[in-house]
Amino acid sequence: MDIKVRVWRQSGPTAGGKMVTYDVKGISPDASFLEMIDVLNETLILNGDDPIAFDHDCREGICGACSMVINGVAHGPEKATTTCQLHMRKFKDGDVIDVEPWRAAAFPVIKDLVVDRTAFDKIIQAGGYITAPTGTAPDAHAAPVPKKDADAAFEAATCIGCGACVAACPNGSSMLFTAAKIAHLGLMPQGQPERDSRVIDMLQAQDDAGFGGCTNAGECTTVCPKGIPLSLIGRLNSDYRKAISKR
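Residues numbered from 1 in each chain as written. Predicted model: local features only at pLDDT ≥ 70, side-chain atom pairs only at ≥ 80, totals over all residues. Heavy atoms only, no water.

K.L.:
Sorry, what's going on with the packing of aromatic side chains here?
P.N.:
Describing an aromatic ring pair means giving the distance of the ring centres and the angle of the ring planes. Enumeration according to the criterion identifies five aromatic pairs in this entry. Between the aromatic rings of F33 and F91, the centroid separation amounts to 5.8 Å while the plane-to-plane angle is 45°, which identifies the pairing as tilted. Here F33 is found in helix 1 (residues 33–46), whereas its partner F91 is found in the loop between strand 4 (73–74) and strand 5 (96–100), with 58 residues between them in sequence. Taken together, a centroid distance of 3.7 Å and an interplanar angle of 5° make the contact between F120 and F177 stacked. Here the residue F120 occupies a position in helix 2 (residues 118–127), and F177 occupies one in helix 5 (residues 175–186), the gap between them amounting to 57 residues. Residue F120 is classed as buried on the basis of its relative accessible area, which comes to 4%. Residue class for F177 comes out buried when judged on its relative accessible area of 4%. Three or more aromatic residues joined by ring pairs make a cluster, and in this case those are F107, F120, F177 and F211. Sitting over the face of the ring of W8, R103 holds its NZ or CZ atom 4.3 Å from the ring centroid. (Phe/Tyr/Trp six-rings, centres within 6.5 Å; stacked < 30°, edge-to-face > 60°. Helix = DSSP H or I, 4+ residues; strand = E, 2+ residues; numbered from the N terminus. Buried < 20%, exposed > 50% of the residue type's maximum accessible area, 1.4 Å probe, protein only. Lys NZ or Arg CZ within 6 Å of the ring centre and 35° of its normal.)

Okay, structure coming up:
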């Protein structure tokens, strides 16, 4: 495949940026999107140019590092797929592909396609934990969990914190991420002691980090590579109202 790639290039957080067009030739349809960027970077390095900076780690759809907006869609055109697992066969020979970083006030650009997502860390630090007594590990079945709750908690826990929900949201909201982190702990008996303080503190950290408000546009769940359901935001709002009334 021969394609054109228009990539956002920005040398630093305070520098201006622009879209730069590159020709990429001889790409296998079986190559992943990140492998295509690797090939392009090898060419840039051989030509003495600065390679494109982008985030990546596991390349197995697990870590959530591969944050790119491809042709206007977070993680690209294939539903429930991270950028690293998107393959070039989803495109056609001769295509022009636009590649941009996440666009959100809470995710400032560091360089090119790399953004600073430490705002997510601050939300987790505010309440993404449980208290547990020290000592020997409890037996596996010491705290029985109904299967319905276990399945729902596992579904929420599949969130990889990639930030696609924020990039897709017209308000730059992180409500789907926050809702998933609150739900997977709040559904388990071990998470009950902090249930009220957790939802209040994590939402406050979300607001302090500069994320926008949720208006239920639904774009977040559409681009989520793990299919986190929009219903978790409703659960979060319910938990928040109960916690505030108790406080």
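K.L.:
Sorry if this is basic, but what is going on with the layout of surface pockets here?
P.N.:
Sizing a probe to match a water molecule and rolling it over the atoms shows the empty space that remains. Of the pockets and cavities examined, the largest pocket occupies roughly 150 Å³. Lining the largest pocket, in full, are C63, G64, R117, F120, D121, I124, I160, G161 and F177. Taken together, the residues that form the lining of the largest pocket break down as five nonpolar, two polar and two charged. (1 Å grid on protein atoms, 1.4 Å probe; cavity = no way out; pocket = protein on both sides within 12 Å on 5 of 7 lines; lining within 4 Å. Points joined across faces, edges and corners; volume = space filled by probe spheres on them. Nonpolar A, V, L, I, M, F, W, Y, C, P; charged D, E, K, R; others polar.)

K.L.:
Explanation requested: the nonpolar core in the structure shown.
P.N.:
Side chains of nonpolar character tend, in soluble globular proteins, to be buried together. By size, the foremost hydrophobic cluster in this structure holds 42 residues, and its most contacted members are W102, F107 and F211. Elements with a minimum of two residues in this core: helix 2, helix 3 (147–157), helix 4 (164–168), helix 5, helix 6 (195–208), helix 7 (219–223) and helix 8 (231–246). At seven residues, helix 5 tops the list of elements feeding residues into this core. Counting 27 residues, the second-largest nonpolar core is a separate cluster that includes L44, M88, I97 and V99. (Core = buried A, V, L, I, M, F, W, Y, C linked by side-chain atoms within 4.5 Å.)

K.L.:
I would appreciate a short explanation of the pairing of strand 1 (residues 3–10) in the present structure.
P.N.:
The side chains of a regular strand alternate, first on one face of the sheet and then on the other. Across the eight residues of strand 1, six count as buried, placing the element largely inside the fold. Bridge analysis of strand 1 against strand 2 (residues 17–24) gives eight bridges, and the strand direction is antiparallel. Within the sheet, the bridge partner assigned to V7 lies in strand 2 and is V20. Where strand 1 lies against strand 5, four bridges are found, and the strand directions are parallel. Across the sheet, the residue bridging to R6 is D98, located in strand 5. (Pairing = 2+ DSSP bridges.)

K.L.:
Which parts of the structure should I look at to understand helix 2?
P.N.:
Buried within helix 2 we find A119, F120, I123 and G127. All buried residues of helix 2 project into a common sector of 105° when viewed along the axis, lining one side. Seen from the open side of helix 2, the exposed residues pointing more than 90 degrees away from its buried face are K122 and Q125. Where helix 2 is buried, its residues contact helix 4, helix 5 and helix 6. (Arc of directions from axis to C-beta. Contact = heavy atoms within 4.5 Å.)

K.L.:
What's the story with the sheet that holds strand 5 in this structure? I'm lost.
P.N.:
With mixed pairing, five strands are arranged side by side in an open sheet as 2-1-5-3-4. Single-partner strands in this sheet number two, and they are strand 2 and strand 4. Sheet strands touched by helix 1: strand 1, strand 2, strand 3 (69–70) and strand 5. Its angle to strand 2, the strand with the most contacts, is close to 90°. (Axes fitted to C-alpha atoms, helices over the stretch in contact; angles between N-to-C directions.)

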